[in-house]
Amino acid sequence: MTHPLLDLAPLSAAHFAAIEQRVARLLSTEQDVVITQGEALLPLEGCIRGAARPGTTALNVITGPYGQTFGNWLRDCGATVIDLAVPFHTAVTAAQIEQALTEHPEIDFVSLVHAEAATGNTNPVAEIGEVVRAHGALFMLDAVASVGAEPLLPDAWGVDLCVIGAQKAMGGPAGVSAVSVSERAWQRMAANAQAPRRSYLSLLDWKERWIDAGRKVLLHAPAQLEMLALEACLERIEAEGLDALMTRHATAAVATRAGALALGGGLEPYVYEARDAAPVATTLRTPAGVDASEVVARALAADPVLPLVAGGGALSKEMIRVNHYGPDATRGVVHSALAALGGALADSGLTVNLEAARRAVTETWA
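Each chain carries its own residue numbering, running from 1 in the written order of its sequence. Local features in this predicted model are restricted to residues of pLDDT 70 or higher, and side-chain atom pairs are both shown and tallied only at a pLDDT of 80 or more, whereas totals for entire chains, interfaces and linings draw on every residue. The side-chain figures draw on all heavy atoms in the structure; neither hydrogens nor water molecules are used.

Caption draft 1: Just the UniProt feature "modified residue: N6-(pyridoxal phosphate)lysine" (unreviewed entry) in the protein chain, in detail. Residues given the UniProt feature "modified residue: N6-(pyridoxal phosphate)lysine" (unreviewed entry) here are Lys168. Counting through the fold element by element, lysine 168 comes out in the loop between strand 8 (161-165) and strand 9 (177-181). Judged by its relative accessible area of 16%, lysine 168 is buried. Residues in contact with lysine 168, not counting those within four places in the same chain, are Ala117, Val144, Ala145, Tyr325 and Gly326. UniProt positions are given in the numbering used here, feature names are shortened, and annotations may be inferred rather than shown by experiment. Helix and strand assignments follow DSSP, with helices taken as H or I runs no shorter than four residues and strands as E runs no shorter than two, numbered in order from the N terminus. Buried means the residue's accessible area, taken with a 1.4 Å probe over protein chains only, is under 20% of the maximum for its type, while exposed means over 50%, and partly exposed covers the values in between. The contact definition used throughout considers only heavy atoms, calling two residues in contact when any of these lie within 4.5 Å.

What follows is the structure, encoded as structure tokens:
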């Protein structure tokens, strides 16, 4: 029997390299791009373990759960970690970063998440990058949720390690990711005796055995299905146009926020200021006494494919997340998600205005 997902022709080194080049074009970068064969936590951990060591002093910005994970990895590497945590309902500012760098001039590594899909905020990377570059620290950015949804310019912003994943705004699979690496980031890793070598976490292995060797022989058998899916979503982005894709995500975010406010029922945007809200997900705070996870469960009972989820961990009681990224960044999905939430809130005895929500979304999209 034949199957479209089986019996595929081998993926050549030239084909793999061509997909890397398309990722580089997406990022408008002249830096080396390495496609990694796993979910984006793989290159994120690889970046930290390659660049951090005893003697490193890292500024780790926490605007959501991934920042907390980065701090743990940095400490595992023996780095001294200075956490800069801001409330999840806001974004960090360049002034806060600059103050931390001034108070700790020994900082030589900065880790930051661009857009936090889990909490619905996004950080002003262009301004932050300028501050970090002036200080001279190495700058690592988690752009998994932001790529394709909002501007991302690692070269112009001074980002040394920029990690992306395909599974959000790009509309691709979760099992493949990529990282752009500046020359000084390569030098930092090469000088680190603790950097992983002969390891799946090793970016230096890709540098020496793939990039420096002319991209002729792959290190191991590629994740063929994921690579073909990544190529397909890059083709789709190129066909739609990156600007159009970003506009679609921005519109979905504005429409969801406006629709939720018009819906009523005590829902409020979790991220206070619209300028701090991520274009990939809108987080909403439920009124006191209303369990967010129960509201989401009722909404999904009516339509289980809607991109609705309760907040993680302690946030599960108070946060609802509307994921509007990739193929879900459409007016129809936003309408359906808010209608389902409205029905669930009404079932809880709250007063909602479904027509006002529908009208707000429609007017915003227009």
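Now that the structure has been shown, we can carry on.
Caption draft 2: Structural context of the UniProt feature "binding site: substrate" (unreviewed entry) in the protein chain. Mapped onto this numbering, the UniProt entry gives "binding site: substrate" (unreviewed entry) at Arg321. Within the secondary structure layout, arginine 321 lies in strand 13 (residues 319-323). Arginine 321 gets classed as buried once you look at its relative accessible area, which sits at 16%. Once you skip the residues sitting within four places of it in the chain, arginine 321 turns out to touch Ala117, Ala118, Ala281, Thr282, Thr283, Pro307, Leu308 and Val309.

Caption draft 3: Quick look at the domain arrangement of the protein chain. The split into domains, and so the bounds of each, comes from an automatic or database assignment of domains. Once the domains are mapped, the protein chain shows domain 1 (13-239) and domain 2 (242-365). Placing a centre on the C-alpha atoms of domain 1 and another on those of domain 2 gives a separation of 29 Å. The interface is formed by 22 residues belonging to domain 1 together with 22 residues belonging to domain 2. Buried area counts how much accessible surface, traced with a 1.4 Å probe, disappears from two parts once they are put together, with both parts' losses summed. Across the domain 1 to domain 2 interface the summed buried area is about 1700 Å²; carbon plus sulfur atoms make up 66%. Three residues, His89, Gly120 and Ala149, lead the burial of domain 1 against domain 2; their summed loss comes to 28% of the area buried on that side. Just to be clear on terms, a salt bridge is a Lys or Arg side-chain nitrogen sitting within 4 Å of an Asp or Glu carboxyl oxygen. Along the contact surface separating domain 1 from domain 2 lie 0 salt bridges. Polar contact is the term for a pair of N or O atoms within 3.5 Å; when the atoms are in protein, one must be able to donate a hydrogen and the other to accept it, and sequence-neighboring residues count only if both atoms are side-chain atoms. At the junction of domain 1 and domain 2, the tally comes to 6 residue pairs in polar contact (both at pLDDT 80 or more).

Caption draft 4: Examining the nonpolar core more closely. Ranked by internal contacts, the top residues of the largest apolar core, which has 82 residues, are Leu59, Ile97, Ile164 and Leu230. Setting aside residues up to four positions removed in sequence, isoleucine 164 forms contacts with Val23, Leu27, Ala40, Ala143, Val144, Val147, Leu152, Met170, Ser177 and Ala178. To define a nonpolar core, start from buried Ala, Val, Leu, Ile, Met, Phe, Trp, Tyr and Cys residues and group those joined through side-chain atoms within 4.5 Å. Judged by nonpolar contacts, the second largest core, of 26 residues, contains Val296, Val322, Leu341 and Val361.

Caption draft 5: Expanded view of a nonpolar patch on the surface. Note that patches include only residues with greater than 30% relative accessible area and no salt bridge, and the join distances are 9 Å for like charges and 5 Å for nonpolar side chains (Val, Leu, Ile, Met, Phe, Trp, Tyr). Every accessible area reported is derived by Shrake-Rupley at a probe size of 1.4 Å, with residue values counting cover from the shown protein chains alone. Side chains of Leu5, Leu6, Leu8 and Leu225 sit close together on the surface and give an oily, nonpolar patch of about 350 Å² of accessible area. As for its placement among the helices and strands, leucine 6 is situated in the segment before helix 1 (13-26).

Caption draft 6: Layout of the sheet that holds strand 8. An order of 1-9-8-7-4-2-3 is seen for the 7 strands of this open sheet, with the pairing classed as mixed. Every other strand in the sheet has two partners, leaving strand 1 (32-36) and strand 3 (80-85) as the edge strands with one partner each. On average, adjacent strands in this sheet sit at an angle of 15° to one another, irrespective of strand direction. Looking at chain direction, strand 1 and strand 9 are connected through 5 bridges and run antiparallel. Bridge assignment links valine 34 to a residue of strand 9, and that residue is valine 179. Only when DSSP finds a minimum of two bridges between them are two strands counted as paired. Think of each axis as a best-fit line through the C-alpha atoms, taken over the contacting stretch in the case of a helix, with angles from 0 to 180 degrees between the N-to-C directions.

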